[in-house]
Amino acid sequence: MKAANYLNTIADQLHPYVAFVFPTGNGIFQQVNAPCHKARIVLEWFEEHTDEFHLMPWPPNSPDLNPMEHIWDVMKRQLRTQKPSCPNISTLRDRYLDIWYNLSPVMYEKLVASMPRRVAAVLKAKEGATRY
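The residue numbers shown here count from 1 along each chain, following its written sequence. Owing to the predicted nature of the model, reporting of local features is limited to residues with pLDDT of at least 70; listing and counting of side-chain atom pairs is limited to 80 or more, with chain, interface and lining totals taken over all residues. Excluding hydrogens and water, the side-chain figures rest on all heavy atoms present in the structure.

What follows deals with the environment of Lys-76. Each helix is a run of DSSP H or I of at least 4 residues and each strand a run of E of at least 2, with the numbering of both proceeding from the N terminus. Inspection of the secondary structure assignment puts Lys-76 in helix H3 (residues 67–80). Note on exposure labels: buried denotes an accessible area under 20% of the residue type's maximum, exposed denotes more than 50%, and partly exposed covers the range between, all computed with a 1.4 Å probe on protein chains only. By relative accessible area, which is 40% here, Lys-76 ends up partly exposed. The spatial distance from the C-alpha of Lys-76 to the C-alpha of His-37 is 24 Å, given a sequence separation of 39 residues.

Below is the structure:
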């Protein structure tokens, strides 16, 4: 994704949502180190909006701290069990959406509950590899 497209998504979708959910400005947004996330125009936009919500600092190469990485892994493993393989992008999209909408709430609860352990493991490893 290009930085300009990402910024449009942030400004048009995330910003109004965060303003609604965190009207006192105490929201925190997490992004990873994708090139579009680190683009100057994106970082400047977040700097201009620090009174409304905060951008979580993110160490490089830290997928252990990103629960979404684990959700994607679960989804990919579930997709691989389906036969036959996807004949086109439309079928692939439909299958991923089906998997997404049927993920167990227990999985999300376990991921959230694991975050203190993940943070502790990353700190102990001094940003090195962990078992998560």
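This is not the end of the story, as more comes after the structure.
A 1.4 Å probe that fits but cannot get out identifies a cavity on a 1 Å grid over protein atoms alone, an open set with protein on both sides within 12 Å along at least five of seven lines counts as a pocket, and a residue lines either if it has an atom within 4 Å of a point. Grid points are joined across faces, edges and corners, and a volume is the space filled by probe spheres set on the points. Taken as a whole, the largest pocket encloses approximately 360 Å³ of empty space. The wall of the largest pocket is formed by 15 residues, among which Phe-29, Gln-30, Gln-31, Asn-66 and Met-68 lie closest to the centre. Of all the elements in the fold, those that place two or more residues in the lining of the largest pocket are helix H1 (3–21), strand S1 (27–29) and H3. Domain boundaries shown here were taken from an automatic or database domain assignment. When residues of the lining of the largest pocket are assigned to domains, at least three map to each of domain 1 (3–55) and domain 2 (63–125).

Right, let's talk about unusual backbone geometry for a bit. Outside of glycine, negative phi angles account for most residues, and trans bonds account for most peptide bonds. In the segment running from Lys-83 into Pro-84, the intervening peptide bond is cis, with an omega of -10°. You can see Pro-84 is positioned in the loop between H3 and helix H4 (89–101).

Let us look at the packing of aromatic side chains. A pair of Phe, Tyr and Trp rings is counted when the ring centres sit within 6.5 Å of each other, with Trp represented by its six-membered ring. The angle between the planes then sorts it: under 30 degrees is stacked, over 60 is edge-to-face, the rest tilted. A full pass over the atoms with the stated rule returns four aromatic pairs. Judged by centre distance (5.3 Å) and plane angle (85°), the ring pair of Trp-45 and Phe-46 falls under edge-to-face. Exposure class is identical for Trp-45 and Phe-46. Each is buried. On the numbers, 5.8 Å between centres and 85° between planes, the contact of Phe-46 with Phe-53 is edge-to-face. Each member of the pair, Phe-46 as well as Phe-53, carries the same accessibility label: buried. The rings of Phe-29, Trp-45, Phe-46 and Phe-53 are connected pair by pair, giving a single aromatic cluster.

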